[in-house]
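Read off the chains here:
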Amino acid sequence: MEKTVSEAIAYRRSVRVYKNKSIDSEKVKQCLVNASLAPTSSNLQLWEFYHITNEVISSKIAEACLNQSAAKSAQQLVVVVVRKDLWRKRAKANIEFLKKIYDKEGLTDSELKRKKMAINYYGKLIPTIYNDFFGILGFIKFIIFQIIGFFKPVYRQTRLSDMRIVAHKSAGLAAENFMISMSAIGYDTCPMEGSDTLRIKQILKLPRHAEINMVISCGIRELKGIYGPRFRIPFDEVYYRI
Ligand SMILES: Cc1cc2nc3c(=O)[nH]c(=O)nc-3n(C[C@H](O)[C@H](O)[C@H](O)COP(=O)(O)O)c2cc1C
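Residue indices follow the written sequence of each chain, beginning from 1 at its first position. Where totals are concerned, whole chains, interfaces and linings use all residues; where local detail is concerned, this predicted model gives features only for residues with pLDDT of at least 70, and gives and counts side-chain atom pairs only at 80 or more. Each side-chain value is derived from all of the structure's non-hydrogen atoms; neither hydrogens nor water enter the calculation.

1. Some thoughts on the overall build of the chain
Runs of E in the DSSP output that reach at least two residues are strands. Runs of H or I that reach at least four are helices, and both are numbered from the N terminus. Of regular secondary structure, the chain possesses 10 helices and four strands. Secondary structure of the chain in N-to-C order comes out as α-α-β-α-α-β-α-α-α-α-β-α-β-α. Only protein chains enter the accessibility calculation, which uses a 1.4 Å probe; a residue is then buried when its area is under 20% of its type maximum, exposed when over 50%, and partly exposed in between. Residues classed as buried in the chain amount to 41% of the 242 residues present. Residues count as neighbours in contact if any of their non-hydrogen atoms are within 4.5 Å of one another. Considering only contacts within the chain whose residues lie at least 6 apart along the sequence, 80% involve residues at least 24 apart.

Next comes the structure, spelled out in structure tokens:
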């Protein structure tokens, strides 16, 4: 039986040594479906998930993960990839989806309004935010929004670096959905950013603008694969009730 959300969160640990026992690729894939259901900025879904079950590729990626034991002893690997460059395609997919769901007779005024707003959002606002030219446009937008910001609340995160953070934030949420889903079925994971991301891109033959969000190793824990009790800063130090 699957664990509850709280049980799965409590069970999840970063596992650095896995048992030499295979895991079911279909179940891992299902956990990746759960990953794709994570919330995502503007629903642009600027992510891709590479599920590595091939041993040769796995060992190449483990090497690119600096030969960390979490990667070397893994049964399978998942690479979460950020594809900020796909924003036009994803905006278009959202527009097509919206047109389809609103493609019916007798839309109410509020439905018509919502349809127009949503299509404008993907057709005008998203291009305004995402269009850039080597970071120059983004910086100009940033300055303009800083000036507007003196007078009213405004969206300020428009620089190239800001947009990268936006895309990585959503990919991180997907990664967590994945790891919690794995934990719920008794599978273990370890997120890794300690890697040579350029080499990983080359191994996976990813395009230039793709970015590695993290590599997640997968398997079943050896007890020695959990390096000590869980440490967290006392909750009172990080919790502020306003
Ligand atoms: C973005 C990210 C990158 C991480 N990179 C590595 C890594 O390269 N190697 C590793 O062994 N653990 C890595 N970790 C795991 C953390 O060290 C671990 O989550 C932390 O120590 C807390 O332990 P816990 O996950 O068992 O609760 C990473 C975690 C995150 C979220």
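That was the structure; now back to the text.
2. A look at the site of the ligand
Any residue with a heavy atom lying within 4 Å of a molecule or strand is counted as near it. Contacts to the ligand come from R12, R13, S14, R16, Q68, C190, P191, M192, E193, G194, R230 and R232. Between N or O atoms, a polar contact is any pair within 3.5 Å; within protein, one atom must be a potential hydrogen donor and the other a potential acceptor, and residues adjacent in sequence are included only when both atoms are from side chains. A distance of 2.8 Å separates an oxygen atom of the ligand from a polar side-chain atom of R16. In this structure, R232 approaches the ligand through a side-chain N or O atom, which is 2.9 Å from an oxygen atom. For accessible areas, the Shrake-Rupley method is used with a probe of radius 1.4 Å. Any residue's cover is judged against the shown protein chains and nothing else. For the ligand, the accessible surface in isolation is 620 Å², of which the surrounding protein chains cover 67%.

3. Focus: helix α6 (residues 109-130)
The terminal C-alpha atoms of α6 lie 30 Å apart, and with 22 residues this matches the ideal 32 Å at 1.5 Å per residue to within 8%. Its maximal kink placed at Y121, α6 deviates by approximately 40°. For α6, the full list of buried residues reads A118, Y122, I126, P127, I129 and Y130. Its buried side turned inward, α6 meets α5 (87-101), α7 (136-148) and α8 (160-184). Given a helix with a known number of residues, its expected span is that number minus one, times 1.5 Å. The angle between axes fitted to the seven residues ending at a residue and the seven residues starting there is what we call the bend at that residue.

4. A word on the sheet that holds strand β1 (residues 47-52)
We call two strands paired when DSSP finds no fewer than two bridges between them. Overall, antiparallel pairing links the four strands, which are arranged β1-β2-β4-β3 in an open sheet. Edge positions in the sheet fall to β1 and β3 (188-192), since each has one partner strand and no second. Across the sheet, the mean angle separating the axes of adjacent strands is 20° when strand polarity is ignored. Two elements, β3 and strand β4 (residues 211-219), share five bridges in a ladder whose sense is antiparallel. Note that in β4 the partner of D188 across the bridge is G219. To get an axis, a line is fitted to the C-alpha atoms, and for a helix only the part in contact is used. The angle between two axes follows their N-to-C directions and goes from 0 to 180 degrees. Each of β1, β2 (76-82) and β4 touches helix α3 (residues 55-64); the most contacted strand, β2, lies at about 65° to it.

5. A closer look at the domain arrangement of the chain
Taken domain by domain, the chain comprises domain 1 (5-84 + 170-238) and domain 2 (87-161). Source of the domain bounds: an automatic or database domain assignment. Measuring from the centre of the C-alpha atoms in domain 1 to the corresponding centre in domain 2 gives 31 Å. Between domain 1 and domain 2, the residue contacts involve nine residues of the former and nine residues of the latter. The junction of domain 1 with domain 2 conceals about 770 Å² of combined surface from both sides, 46% of it contributed by carbon and sulfur atoms. Buried area is calculated as the accessible area (1.4 Å probe) missing from two parts once they are joined, with the contributions of both summed.

6. Considering the packing of helix α2 (residues 25-35) against α8
Running from N to C, α2 and α8 cross one another at 140°; their axes reach a closest spacing of 7 Å. If you check the angle between α2 and α8, you find them oblique. α8 is crossed by α2, and the crossing has right-handed handedness. On α8, the residues that touch V28, C31, L32, N34 and A35 of α2 are A174, N177, F178, S181 and M182. Grouping the constituent residues of the contact of α2 with α8 by class yields seven nonpolar, three polar and no charged. Orientation is classified from the angle alone, with under 35 degrees giving roughly parallel, over 145 giving roughly antiparallel, 65 to 115 giving roughly perpendicular, and any other angle giving oblique. By definition, any crossing whose near helix is turned counterclockwise from its far helix by less than a right angle is left-handed, and any crossing with a clockwise turn is right-handed. For this scheme, ten residues count as nonpolar: Ala, Val, Leu, Ile, Met, Phe, Trp, Tyr, Cys and Pro. Four count as charged, namely Asp, Glu, Lys and Arg, and the remainder, Gly too, count as polar.

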